[in-house]
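Each chain, letter by letter, is given below.
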Amino acid sequence: MNLSNLKPAKGSIKDSKRIGRGTGSGKGGTSTRGHKGAGSRSGTSTKVGFEGGQMPLQRRVPKVGFKNPNRVDYVSVNLDALQQLADKHAVNVINFDTFREHGLASKNDLIKVLGRGELKAKLDVTAHAFSATAQKAIEAAGGSIVKL
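Residues numbered from 1 in each chain as written. Predicted model: local features only at pLDDT ≥ 70, side-chain atom pairs only at ≥ 80, totals over all residues. Heavy atoms only, no water.

1. Here we look at the pattern of salt bridges
Defined as follows: Each salt bridge in this description consists of a side-chain nitrogen of Lys or Arg and a carboxyl oxygen of Asp or Glu lying within 4 Å of one another. We call a residue buried when its accessible area falls under 20% of the maximum for its residue type, exposed when it is over 50%, and partly exposed in between, using a 1.4 Å probe and counting protein chains only. Secondary structure counts use DSSP, requiring at least four H or I residues in a row for a helix and at least two E residues in a row for a strand, with both numbered from the N terminus.
Taken as a whole and assessed by the stated rule, the structure comprises 3 salt bridges. We note a salt bridge from Arg71 to Asp73, for which the minimum N-O separation is 2.8 Å. Look at Arg71 and you get exposed, because its relative accessible area is 61%. With relative accessibility at 52%, the residue Asp73 sits in the exposed group. With a closest N to O distance of 3.0 Å, Arg116 and Asp80 form a salt bridge. Of the two residues, Arg116 sits in the loop between strand S3 (110–114) and strand S4 (124–127) while Asp80 sits in helix H2 (residues 79–89), which places them 36 residues apart along the sequence. Taking the relative accessible area as the measure of exposure, Asp80 reaches 27% and is therefore partly exposed.

Spelled out as structure tokens, the structure:
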């Protein structure tokens, strides 16, 4: 087998349905559109989600809740992750660039430090937001926080 004798798998290629090419083709006459009605005329189209007059799914399913357009999404980083950074990479100043370098945040993320885990290292942490427990834990360990 080489590039000169490759061919598609058997049955994977079908001829297209040739419509409106005479009655002998079996698809002439009404050209698969049926007799009369809006669907047989040119220029017709159905709306997206139209189900032939049946109540569409979009309208059958109950509407619940709402999406707040002013929601602020934070990427959460816990104290145990900060402790790991301090242990593995001997870091004592953690800012946005540090979070990005170690894959904890992306370029446009907002970071919130949360209080899960223990923090023993003295760290100077800079982030967009802090939970009350995280703030207490960082300051109890002798570190400081800076809000961006």
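2. Details of the sheet that holds strand S1 (residues 74–78)
We apply this condition: For two strands to be treated as a pair, DSSP must find at least two bridges joining them.
Strand order across the open sheet formed by 3 strands is S1-S3-S5, with parallel pairing between neighbours. The sheet terminates laterally at S1 and strand S5 (129–130), the two strands that pair on one side only. Inspection of the sheet shows S1 paired to S3 by 5 bridges, in the parallel sense. In the strand pairing of S3, Val75 is matched with Ile111.

3. A short note on the pairing of S4
Pairing geometry for strand S2 (residues 93–94) and S4, over 2 bridges, is parallel. Each residue of the ladder has a partner; that of Val93, found in S4, is Asp124. Here 4 bridges tie S4 to strand S6 (residues 144–147), and the two strands are oriented parallel to one another. Following the sheet pairing, Thr126 is matched in S6 by Val146.

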